[in-house]
Amino acid sequence: MARTLITTAEYIVEQFEDKGLAHFSYAVLSGKRVILIDPQRNPQLYYDFAKKHGAAIVGVIETHPHADFVSSHLEIHQKLNVPIYASSLTKSKYPLTAFDEGQLIKLSDKVGLRSLYTPGHAPDHIAVVLYEKDKDKIVFSGDSLFLGDVGRPDLLDYSPESDKQRRHLAEMMYDTIHEKFAKLSDDVIVYPSHGAGSLCGKSIRKAPSSTIGYEKKNNYAFEKRTKAEFVEVLLSDQPFIPKYFAHDVQLNNHGASAFQPSLAVIKQLSKNYQPKDGALIVDARSAQAFQASYIAGSINIPASGSMETWLGTLVAPESKFYLIASDDASLQTALKKAASIGYEANVLGIVLYDAADGSQLAAFDKSSFRPEENKYTILDVRTSKETKNQPVFENSINIPLQEMQKRIGEIPTDKPVLIHCGSGYRSATAASLLKKHVPDAKVYDMGPAVTQFISANSTH
């Protein structure tokens, strides 16, 4: 989705949102020159923007090597022969043009972009300040400053022994907030590279933009505290790290292959094709379609939601898999979502599936459900924080979805297992995982019905 954020006599700023990844990228137009900032995997929307305005893309800025999505910077560079600007500290394999603190990219005689060194989320992170004449107007803050939050400092080294490095980055973030962002004028607009729902932060506010002044008053990172106190606050309660994050950092440092050609080589197999036993199958259909008829052993990760995150969490980046959908449009959506995290090369084949004689998951009957009767093992697959802040059922077992595959043995199956999350999306995936690993278990997915029980509990 694209939205025009600002149109002035001197420049236009367009924001492109990838909702599945809560990712924002930007096109800055001044005169007939366009600079892109943190572009998503499919570059066509940026080409369309430039064409619409009769302008030329003249460069791409990467604020840092991204962990949660794959950028199209190399493809754009190769197609248009334009520079990729990034910090000189970035250890790239692609041809990098240094864009370090204070360096400028002039778009017109009045408008330009200035690099601001903002480490903390990554040691080579930069933000980009748009200025008009002598006045700063906008800061594209990348993953350093979010709305209500800052970028997490624990994604550079994924080993459990990396506490020292995380703390060092958290200290750098403290300096970035107080020595860089806090010194910008209060009226400078903040455009981050992620919004609410991204795993690059822990408490990002749902909005497309903010101002430095608003963040100073409302963002915990600007509160008065010592550096040591800030480090403890920042490192606490960070969300889990999906399996694919390290893979995407490496892929972005090398530069990904061109988007459409990567999809074009994937084989479409015959309708209702049955992979061999033991094959990894990701079924991107809705929970209702999956539960009515599915290939035994499949994992249900519906394309309608945050498929990218859960695919990259539950399927390792080295794993090969088949991808299933119900129709051509859904299949393309699922494939593009896989490609957005660099997983299209892992797809062994794509399959349209509408068979009615597959395995079935029994439907949950909410009308006869009485939690106090204790007829089920109730499995809550939300995060521990969600469960603590908003308990739903007494005596439920909490195993977050991202931990399920390694903790399957902890789930009692002597009674039917009733699975819930907060909306019905994660529970669908969890139900398929439990049936995959414990085929004889009687499993029910509460689905969206859980929202009624959440609402009921919240009124007491």
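Our structure's up above, just so we're on the same page.
What this report covers is the structure whose coordinates are included nearby. Treat the numbers as computed from the prediction; the structure is a model and nothing was measured.

Cut-offs applied
Counting of residues starts from 1 at the beginning of each chain's written sequence and follows it residue by residue. Thresholds applied to this predicted model are a pLDDT of at least 70 for local features of residues and 80 or more for the giving and counting of side-chain atom pairs; totals over whole chains, interfaces and linings are not thresholded and use all residues. The basis for the side-chain values is all heavy atoms of the structure; hydrogens and waters are excluded. Centres within 6.5 Å make a pair out of two Phe, Tyr or Trp rings, where for Trp the six-membered ring is used; the pair is then stacked when the planes are under 30 degrees apart, edge-to-face when over 60, and tilted otherwise. When the NZ atom of lysine or the CZ atom of arginine is within 6 Å of a ring's centre and also within 35 degrees of its normal, the charge is said to sit over that ring. Here a strand is any run of E in DSSP of at least two residues, a helix any run of H or I of at least four, and the numbering for each starts at the N terminus. Buriedness of a pocket was judged along seven lines, with at least five required to meet protein on both sides within 12 Å; pockets are open sets of points on a 1 Å grid over the protein atoms alone, cavities are sets where a 1.4 Å probe fits but cannot get out, and lining residues have an atom within 4 Å of a point. Grid points are joined across faces, edges and corners, and a volume is the space filled by probe spheres set on the points. Any residue that is not Ala, Val, Leu, Ile, Met, Phe, Trp, Tyr, Cys, Pro, Asp, Glu, Lys or Arg is counted as polar, Gly included; the first ten are nonpolar and the last four charged. Working definition: with a 1.4 Å probe on protein chains only, accessible area under 20% of the residue-type maximum means buried, over 50% means exposed, and in between means partly exposed. Counting rule for charge: Lys and Arg are taken as positive, Asp and Glu as negative, and neither His nor the chain ends is counted. By convention in these notes, a salt bridge is any Lys or Arg side-chain nitrogen within 4 Å of a carboxyl oxygen on Asp or Glu. Whether two residues touch is decided by their heavy atoms; if any such pair falls within 4.5 Å, the residues are in contact. Two strands make a pair as long as DSSP finds a minimum of two bridges between them. Note on definitions: angles span 0 to 180 degrees between N-to-C directions of axes, and those axes are lines fitted to C-alpha atoms, for helices only across the stretch in contact.

## Overview of the packing of aromatic side chains
Throughout the structure, instances matching the rule amount to 19 aromatic pairs. Within the aromatic cluster, the residues linked to one another by ring pairs are Phe364, Phe369, Tyr376, Phe393, Tyr444 and Phe453. A cation sits over an aromatic face here: Lys79 above Tyr47, 5.6 Å from the ring centre.

## A short note on the environment of Asn81
Within the secondary structure, Asn81 is located in the loop between α2 (73-80) and β6 (84-86). Considered as a pair, Asn81 and Val58 are 23 residues apart in the sequence and their alpha carbons are 8.5 Å apart.

## A word on empty space enclosed by the protein
Within the structure shown, the criterion is met by 1 cavity of 30 Å³ or more. By volume, the largest cavity is sized at about 30 Å³. In terms of lining, the largest cavity is formed by Glu62, His64, Pro65, His73, Thr90, Tyr94, Asn252 and Asn253. Here the residues of the lining of the largest cavity are counted per class, giving 2 nonpolar, 5 polar and 1 charged.

## Re the side chain of Asp38
Relative to the helices and strands, Asp38 is located in the loop between β4 (33-37) and α1 (44-52). With no salt bridge to any partner, buried Asp38 finds its closest opposite charge in Arg3, at an N-O distance of 14 Å. Apart from the residues within four sequence positions on either side, Asp38 is in contact with His23, Phe24, Ser25, Ile61, Glu62, Thr63, His66, Phe69, Gly142 and Ser193.

## Details of the sheet that holds strand β3 (residues 23-30)
The sheet built from 7 strands is open, its strands ordered β1-β2-β3-β4-β5-β6-β7 with mixed pairing. Sheet topology places β1 (2-7) and β7 (96-98) at the edges, where each strand pairs with a single neighbour. Adjacent strand axes in the sheet meet at a mean angle of 30° when their direction is disregarded. Docked against the sheet, α2 engages β4, β5 (56-61) and β6, running at close to 145° with respect to β5.

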